[in-house]
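For reference, the chains in residue letters:
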Amino acid sequence: MKRAADWVREEIRALTAYHVAPAAGLVKLDAMENPYPLPPDVAEELGRHLATVAVNRYPDPGAPALKSALREAMGIPAGRGILLGNGSDEILQVIAVALARPGATMLALEPSFAMYRMSAATAGMGYAGVSLSPDFAIDLPATLEAIGRLRPALTWIAYPNNPTGNLFRREDVLAILEAAPGLVVVDEAYYAFSSGATFLGEVGRHPNLVLVRTVSKLGLAGLRLGLAVGPEDWLAEFDKVRLPYNVNVLSAAAATFLLGRRGLLEAQTAAIVKDRACLEAGIDAIAGVRRFPSAANFVLVRVPDGPAAFEALKARGILVRNFHGSHPLLAHCLRLTVGTPDENARLLEALTRAAG
Ligand SMILES: *Cc1c(COP(=O)(O)O)cnc(C)c1O
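Residues numbered from 1 in each chain as written. Predicted model: local features only at pLDDT ≥ 70, side-chain atom pairs only at ≥ 80, totals over all residues. Heavy atoms only, no water.

Give me the packing of aromatic side chains: which residues, what numbers.
On inspection of all chains with the given rule, the structure shows seven aromatic pairs. Residues Y58 and Y245 carry aromatic rings whose centres are separated by 4.4 Å and whose planes lie at 15° to one another, so their mutual orientation is stacked. Taken together, the positions of Y58 in the loop between α3 (40-50) and α4 (64-74) and Y245 in the loop between α9 (232-241) and α10 (249-259) put the pair 187 residues apart, joining distant regions of the chain. Consider the rings of Y159 and F199, whose centres lie 4.7 Å apart with planes at 70°: the pair is edge-to-face. Of the two residues, Y159 sits in the loop between β5 (154-158) and α8 (170-179) while F199 sits in the loop between β6 (183-187) and β7 (209-214), which places them 40 residues apart along the sequence. In this structure, R335 packs its charged tip against the face of F298, placed 5.9 Å from the ring centre. (Phe/Tyr/Trp six-rings, centres within 6.5 Å; stacked < 30°, edge-to-face > 60°. Helix = DSSP H or I, 4+ residues; strand = E, 2+ residues; numbered from the N terminus. Lys NZ or Arg CZ within 6 Å of the ring centre and 35° of its normal.)

Right, dumping it as structure tokens:
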């Protein structure tokens, strides 16, 4: 007695904490960050702006200025409710906690974002994964069968998917929305790179659709800001689970300021999409490397020996993400974040040697 092992829930003890690889001195292409820092003049102006924020006061939980900046930047219609999170990771957790009735199941497609399964465990919710097809499309018959059998309270769909990078067929996602008895959350963390592919226009047309987005992949990962957009009845319940001051005043002020100058972030996003095409062309010229289609700011590849290639890249100063061993469909797969043109060139050179 008196020890953590005697009292902490089994499903928590069975987890491994979210792993963040040390990256000091490495070209960091493992976490889908935007590689561009703020231009010095914008950074300075931001600093002056943040100096005016009243840090002695609690945040306004309604965050009206931030919400309208997000509406403007992401084209969210005025009639649609918004719930803010400390990153979209927090929103996953809020939703799971709200829906974790005894016996409730979360369904996710696999391979997908590891935090879905993790949020089920922390919320004390059951979890079931349905495998994608080998080309990472939704296996609709298997998914509908699982929905019918398990009656999931919550189904997660990442669109585009992480770590595979592809967009699912729209009609497959709509079929899941129709068939699911519970909530379906479409997680659009990579919407900015997907040439406009989105389910935002479907919000409000389905009583069980909530959309989740984040500013992390736009270049603001350090601010920790995500949002859910969906029907008021769902958001009102989630709002009770959300901690009252979950988005701090500095993050809210910085995001409002930077979204107000969103031409800058949009130009960076457009450059990343262009550079993705260059990176893809470079990968295609390397014998022995298979590349999967991407609508995100990363590219999934399969190499002859994933763990060895991961180590060889690291020895050349480049950190990527190795997915070998995480799911059978990801055997010998590495996920490469699109970096600056210079970083991508270094990556291609190292990958050519590593795959040879
Ligand atoms: C990166 C990522 C997130 C997490 O975003 P944060 O807002 O930084 O917490 C959510 N979903 C998917 C699919 C992601 O890849």
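Don't stop here, the text continues.
Run through the packing of helix α5 (residues 88-99) against α9, naming residues and quoting values.
Look at α5 against α9: their axes get within 9 Å of each other, and the N-to-C directions meet at 100°. In terms of orientation, α5 and α9 fall into the roughly perpendicular class. Contacts between α5 and α9 involve V94, I95, V97, A98 and L99 from the first element and W234, F238 and V241 from the second. Each residue belonging to the contact of α5 with α9 can be placed in one class, and the counts come to eight nonpolar, no polar and no charged. (Axes fitted to C-alpha atoms, helices over the stretch in contact; angles between N-to-C directions. Parallel < 35°, antiparallel > 145°, perpendicular 65-115°, else oblique. Contact = heavy atoms within 4.5 Å. Nonpolar A, V, L, I, M, F, W, Y, C, P; charged D, E, K, R; others polar.)

Please provide a residue-by-residue account of the sheet that holds strand β12 (residues 321-322), values included.
Taking strand neighbours across the sheet as the criterion, the four strands line up as β9-β10-β13-β12 in an open arrangement whose pairing is antiparallel. Edge strands, defined here as strands with exactly one partner in the open sheet, are β9 (290-291) and β12. With two bridges joining them, β12 and strand β13 (residues 333-337) adopt antiparallel strand pairing. Paired with N322 across the bridge in β13 is L334. Each of β9, β10 (298-302) and β13 is contacted by helix α11 (residues 262-284), which is oriented at about 10° to β10, the strand it contacts most. (Pairing = 2+ DSSP bridges.)

Give a detailed account of the domain arrangement of the protein, specifying residues and quantitative values.
Split into domains, the protein comes out as domain 1 (4-38 + 263-355) and domain 2 (56-261). A separation of 23 Å is found between the C-alpha centroids of domain 1 and domain 2. Each partner contributes residues to the interface: domain 1 has 30 residues there, and domain 2 has 32 residues. Across the domain 1/domain 2 interface, buried area totals approximately 2,500 Å², and carbon plus sulfur atoms make up 70% of it. It is L265, A295 and L329 that lose the most area in domain 1 upon contact with domain 2, and together they represent 23% of the buried surface on that side. Put simply, domain 1 and domain 2 have zero salt bridges between them. Our count for the contact surface shared by domain 1 and domain 2 stands at eight residue pairs in polar contact (both at pLDDT 80 or more). (Domains from an automatic or database assignment. Buried area = accessible area lost by both parts, 1.4 Å probe. Salt bridge = Lys/Arg side-chain N within 4 Å of Asp/Glu carboxyl O. Polar contact = N/O pair within 3.5 Å; in protein donor to acceptor, adjacent residues only side chain to side chain.)

I'd like a description of the packing of helix α7 (residues 140-150) against α8, backed by residues and values.
For the pair α7 and α8, the least separation of the axes is 10 Å and the interaxial angle reads 15°. When the interaxial angle is binned, α7 and α8 end up roughly parallel. The handedness of the crossing between α7 and α8 comes out as right-handed. Facing L140, T143, L144 and I147 of α7, the residues of α8 in contact are D172, A175, I176 and A179. When the residues that make up the contact of α7 with α8 are grouped by side-chain class, the tally is six nonpolar, one polar and one charged. (Left-handed = near helix turned anticlockwise from the far one by under 90°.)

So what's going on with helix α12 (residues 306-315)? Which residues, and what values?
By the burial criterion, the buried members of α12 are G306, A309, F310 and L313. Axial view of α12: buried residues confined to an arc of 105°, hence all on one face. Looking at the buried positions of α12, the neighbouring elements they touch are β11 (318-319), β12, β13 and α13 (341-355). Following α12 by one or two positions, G317 adopts a phi angle in the positive range, close to 90°. (Buried < 20%, exposed > 50% of the residue type's maximum accessible area, 1.4 Å probe, protein only. Arc of directions from axis to C-beta.)

Give me the lowdown on the side chain of T340, citing residues and values where you can.
Residue position: T340 is located in the loop between β13 and α13. Residue classification places T340 among the buried residues on the basis of a relative accessible area of 16%. Excluding residues within four positions of it along the chain, T340 makes contact with P35 and Y36.

Talk me through the pattern of salt bridges; I want residue IDs and the actual numbers.
Applying the stated criterion across every chain, the model contains 19 salt bridges. The salt bridge partner of D89 is R224, with a shortest N-O separation of 3.9 Å. On the criterion of sequence distance, the pair formed by D89 in helix α5 and R224 in the loop between β7 and β8 (226-230) is long-range, its members being 135 residues apart. You can call R224 partly exposed: its relative accessible area is 29%. The salt bridge partner of E202 is R170, with a shortest N-O separation of 3.6 Å. Taken together, the positions of E202 in the loop between β6 and β7 and R170 in helix α8 put the pair 32 residues apart, joining distant regions of the chain. The class for E202 is buried, based on a relative accessible area of 11%. Salt bridges sharing partners connect three or more residues here, namely K28, D30 and E33.

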